[in-house]
Amino acid sequence: MLHDRVLVQPDDAAERKSSAGILIPATAAVGKRLTWAAVVAVGPHVRQVATGDKVLFDPEDKAEVELHGKGYTLLRERDLHAVAAPGEDGGRTGLYL
C-alpha cells in the first residue's frame, strides 16, 4: 500500500435486519447509506486506522479491486467517516468519529 491508502473488505451482508426484527432483502432500494468494512492493509502515511479495524465509508467514493479472487475496496484515509475499534472496557466496540 502506498501513501494514505486503505484497503478494506466490505461487509457484504445479503440481508439486513431492522431494529424491529424485519428482514430487509439485499435487493431493496435504499437511499444514500454508508457501508462498514474491515481494514485489510494500510499505507505508511495512514495515522488513524490499523489493520483489523472496522471503518465506515461512502460506497460512492470507492475504487474496487480484485486480489486473489476476492473483492476489496481501495480508499484514501480522508474518505473514512468513522472507525470502530475494540475498546478497553471488556472488549466492547467503541465508535470513534
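As annotated in an unreviewed UniProt entry, the protein carries the name Co-chaperone GroES and comes from Kineococcus mangrovi.

A. The arrangement of a nonpolar patch on the surface in detail. A cluster of nonpolar side chains, contributed by Val65, Leu67 and Leu74, occupies part of the molecular surface with about 190 Å² of accessible area. Among the structural elements, Val65 can be located in strand β6 (residues 63-67). For Val65, a relative accessible area of 32% translates into the label partly exposed.

B. Examining the pattern of salt bridges more closely. Under the criterion given, the structure shown has two salt bridges. Here Arg5 makes a salt bridge to Asp4, at a shortest N to O gap of 3.2 Å. A residue is classified by how much of its surface remains accessible, and Asp4, at 19% relative accessible area, is buried. Connected through salt bridges with shared partners, the residues Asp4, Arg5 and Arg76 form a single ionic network.

C. Fine view of the confidence of the model for the protein. Here the protein shows a mean pLDDT of 77. Residues at 70 or above account for 69%. Mean pLDDT across the elements of the protein bottoms out in strand β9 (residues 93-96) (56) and peaks in strand β4 (residues 35-42) (88).

Conventions adopted
- Residues numbered from 1 in each chain as written.
- Predicted model: local features only at pLDDT ≥ 70, side-chain atom pairs only at ≥ 80, totals over all residues.
- Heavy atoms only, no water.
- Patch = residues over 30% accessible without salt bridge, like charges linked within 9 Å, V, L, I, M, F, W, Y side chains within 5 Å.
- Areas by Shrake-Rupley, 256 points an atom, 1.4 Å probe, with all protein chains shown as cover.
- Salt bridge = Lys/Arg side-chain N within 4 Å of Asp/Glu carboxyl O.
- Helix = DSSP H or I, 4+ residues; strand = E, 2+ residues; numbered from the N terminus.
- Buried < 20%, exposed > 50% of the residue type's maximum accessible area, 1.4 Å probe, protein only.
- pLDDT = per-residue confidence, 0-100.

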